[in-house]
Amino acid sequence: MKTTLFKTNIKKLKAAITLSNIIPLYFKGAKVEFDAMQKNFWMKITAPKVKPAQLVTTMKDLGYKFEVQDKVIVWRAE
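Per chain, the residues get numbers from 1 upward, laid out in the order the sequence is written. Reporting of local features is limited, given that this is a predicted model, to residues whose pLDDT is at least 70; pairs of side-chain atoms are given and counted only at 80 or more, and all residues count toward the totals for whole chains, interfaces and linings. Excluded from the side-chain calculations are hydrogens and water; all other atoms, namely the structure's heavy atoms, are used.

Section: the pairing of strand S3 (residues 42-47)
Turning to step 1, where the next piece is worked out: In terms of burial, S3 is largely enclosed, as six of its six residues are buried.
Turning to step 2, where the next piece is worked out: Burial along S3 is two-sided: the face carrying Trp42, Lys44 and Thr46 and the face carrying Met43, Ile45 and Ala47 are both buried.
Turning to step 3, where the next piece is worked out: Two strands pair under a simple rule: DSSP has to find at least two bridges between them. Starting at the N terminus, helices and strands are each numbered in turn, a helix being any DSSP run of H or I of at least four residues and a strand any DSSP run of E of at least two. Taken together, the six bridges between strand S1 (residues 2-8) and S3 define a ladder with antiparallel strand orientation. Among the inter-strand pairings, Lys2 is bridged to a residue of S3, identified as Ala47.
Turning to step 4, where the next piece is worked out: Across five bridges, strand S2 (residues 31-35) lies against S3 in antiparallel orientation. Among the inter-strand pairings, Asp35 is bridged to a residue of S3, identified as Trp42. Partly exposed describes any residue whose relative accessible area lies between the buried limit of under 20% and the exposed limit of over 50%, with all areas from a 1.4 Å probe on protein chains only and scaled to the type maximum.

What follows is the structure, encoded as C-alpha cells:
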C-alpha cells in the first residue's frame, strides 16, 4: 500500500466527507483521511496499486484540484 498526501481545493467539510466516500468507489481498497483544521483540506490517501497521477486526473475529471505534496506535513496521530 502506498500513502500519498494531497493538497486540495476543497473548502467545506461536507465536500471532504463526500469525496472521502467517493474515492474508494474509483480506487478499490483506498483509505482516505483528511485534516479539516487547516485552511486547505489535506487528504492522505492510502491505496494499493494507485499512482498519484491517476488519482489527480480522476479528481480533475470530477471537478476537484489535487496536488501531490512534497513537503513534510506533521499528521496528527489518533
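With respect to helix H2 (residues 52-61)
A turn of α-helix holds 3.6 residues, and therefore any two residues three or four places apart point the same way.
Turning to step 1, where the next piece is worked out: Of all the positions in H2, only Pro52, Leu55, Thr58 and Met59 are classed as buried. For H2, the buried positions fall inside an angular range of 130° around the axis, keeping them on one side. Residues of H2 that are exposed and angled more than 90 degrees away from the buried face: Ala53, Lys60 and Asp61.
Turning to step 2, where the next piece is worked out: The secondary structure elements touched by the buried residues of H2 are S1, helix H1 (13-26), S3 and strand S4 (66-68).
Turning to step 3, where the next piece is worked out: At the C-terminal side of H2, Gly63 shows a positive phi close to 100°. Note that the arc is defined by the directions from the helix axis to the C-beta atoms. Residues count as neighbours in contact if any of their non-hydrogen atoms are within 4.5 Å of one another.

Overview of the side chain of Thr46
Turning to step 1, where the next piece is worked out: Structurally, Thr46 is set in strand S3.
Turning to step 2, where the next piece is worked out: A relative accessible area of 16% places Thr46 in the buried class.
Turning to step 3, where the next piece is worked out: A polar atom in the side chain of Thr46 sits 2.9 Å from the side chain of Thr3. Side-chain atoms alone can form a polar contact between residues adjacent in sequence; in general such a contact is a pair of N or O atoms within 3.5 Å, and within protein one must be able to donate a hydrogen while the other accepts it.

Comments concerning the environment of Phe27
Turning to step 1, where the next piece is worked out: Summarising the element assignment, Phe27 is placed in the loop between H1 and S2.
Turning to step 2, where the next piece is worked out: Taking the C-alpha atoms as reference, Phe27 lies 9.0 Å from Lys49; in sequence the two are 22 residues apart.
Turning to step 3, where the next piece is worked out: Here Phe27 is in contact with Val50, Gln54, Leu55 and Thr58, once residues within four sequence places are set aside.

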